[in-house]
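Residue-level structure breakdown
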Amino acid sequence: MAKCSFMVFFIFISTGLWAQNLAQITIDNRGDKDIITFLVDGTVAVNLSKDGNIIEWGLEYTIPQTGMYPRLEKYMGKEEYYPSTDNEAYAGKVKYIGRTLLTYYTSNDNDALKGKVKTIGITMLDYYRDYDNAAFKGSLKSAGSVTFTYYSSFDDQFYKGKIKSIGGTQLSYYGSLDDKAFRGKVKNIDRNVFTYYSSYDRKEYGGMMKSGSQMLSSGGLKYIIKNY
């Protein structure tokens, strides 16, 4: 009986841990609109901006030839929203996606937190406060045990505010001393190096990825480089 109870408890805990994972980071090589993706209920992708606002959610659609995820298909399962009478910071926002509860920081919290996603299931999200560096105040600081750092306002203008590290994975970018066709684009993710066609190459190639994979894994997360 004790063994059976332990197994039920283990399944419950492992299911809870598995049900809302930080799963994927999409690096926007065209600008600064990176996407942080959580997988809830095992199949539903929830996309957040790095300042903690939900962009969209749905089922990942895979292009067979590339394995890339260019869009999300509409989720047809359970959705529930906070009523309009709730705290003004999250009234009307999504409360449940499937079995996963989402909570938000309230209007009584620090200005850098108000209305941002606070928890996705059992995963707690924290953010840099308004007294932190201007380049990343309000940006995601941690998701569960995974920490995020960013380049500061004292860094190169082409990558200040961009993600510097996620857990133990380091990211770097091309800067103002590099060719204008690929300034600001990701240069390294961990030991993975990316190169691009320059402004001296054929016009239609300028800034396009020359070497490196648009999809890779590092530190238990999938990274997608969006360069289109």
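Before reading on, note that the structure itself is shown above.
Now for a look at the structure at hand. From a predicted model like this one, the values you see are computed outputs, not experimental measurements.

So, the pairing of strand 7 (residues 94-97)
- Relative to strand 7, strand 6 (residues 79-81) runs antiparallel, the two being bridged by three bridges. Paired with Tyr81 across the strands is Val94, a residue of strand 7.
- As paired elements, strand 7 and strand 8 (residues 100-104) share two bridges and run antiparallel to each other. Among the inter-strand pairings, Ile97 is bridged to a residue of strand 8, identified as Thr100.
- Adjacent in sequence and paired antiparallel, strand 7 and strand 8 are bridged by two residues, among which Gly98 carries a positive phi angle near 60°.

Quick look at unusual backbone geometry
- The backbone of Asp41 sits at a positive phi, close to 55°, despite the residue not being glycine.
- For Asp41, the position within the fold is in the loop between strand 2 (35-40) and strand 3 (44-49).
- The buried category is assigned to Asp41, whose relative accessible area is 16%.
- With phi around 60°, Asp190 is a residue other than glycine that occupies positive phi space.
- Within the fold, Asp190 resides in the loop between strand 15 (186-189) and strand 16 (192-193).

Considering the side chain of Thr37
- Inspection of the secondary structure puts Thr37 in strand 2.
- Of the residues examined, Thr37 reaches a relative accessible area of 4% and is grouped as buried.
- Side chain to side chain, Thr37 and Asn47 meet in a polar contact 2.7 Å long.
- Residue contacts for Thr37: discarding those within four places in its chain leaves Asn21, Leu22, Ala23, Gln24, Ala45, Val46 and Asn47.

Thoughts on the sheet that holds strand 8
- Pairing is antiparallel in the open sheet, where 11 strands are placed in the order 6-7-8-9-10-11-12-13-14-15-16. Each of the sheet's edge strands pairs with one partner strand only, and the pair in question is strand 6 and strand 16.
- The pairing of strand 13 (residues 163-166) with strand 14 (residues 169-173) spans two bridges and is antiparallel. Counted as the bridge partner of Ser165 is Gln170 from strand 14.

Quick look at the packing of aromatic side chains
- Applying the stated rule across the entire model yields 15 aromatic pairs.
- With a centroid separation of 5.9 Å and 80° between ring planes, the pair formed by Tyr151 and Tyr173 is classed as edge-to-face. With Tyr151 in the loop between strand 12 (146-150) and strand 13 and Tyr173 in strand 14, this residue pair connects regions lying 22 residues apart in the sequence. There is no split in this pair, since Tyr151 and Tyr173 are both buried.
- Look at Tyr197 and Tyr205: their rings are 5.3 Å apart centre to centre, the planes differ by 40°, and that puts the pair in the tilted class.
- When its relative accessible area of 25% is taken as the criterion, Tyr197 is described as partly exposed.
- Judged by its relative accessible area of 33%, Tyr205 is partly exposed.
- The side chain of Lys78 reaches across the aromatic face of Tyr96, ending 4.3 Å from its centre.
- Directly above the ring of Tyr127 sits Lys116, whose terminal nitrogen or CZ lies 5.6 Å from the centroid.

Quick notes on the rules
- Residues numbered from 1 in each chain as written.
- Predicted model: local features only at pLDDT ≥ 70, side-chain atom pairs only at ≥ 80, totals over all residues.
- Heavy atoms only, no water.
- Pairing = 2+ DSSP bridges.
- Helix = DSSP H or I, 4+ residues; strand = E, 2+ residues; numbered from the N terminus.
- Buried < 20%, exposed > 50% of the residue type's maximum accessible area, 1.4 Å probe, protein only.
- Polar contact = N/O pair within 3.5 Å; in protein donor to acceptor, adjacent residues only side chain to side chain.
- Contact = heavy atoms within 4.5 Å.
- Phe/Tyr/Trp six-rings, centres within 6.5 Å; stacked < 30°, edge-to-face > 60°.
- Lys NZ or Arg CZ within 6 Å of the ring centre and 35° of its normal.

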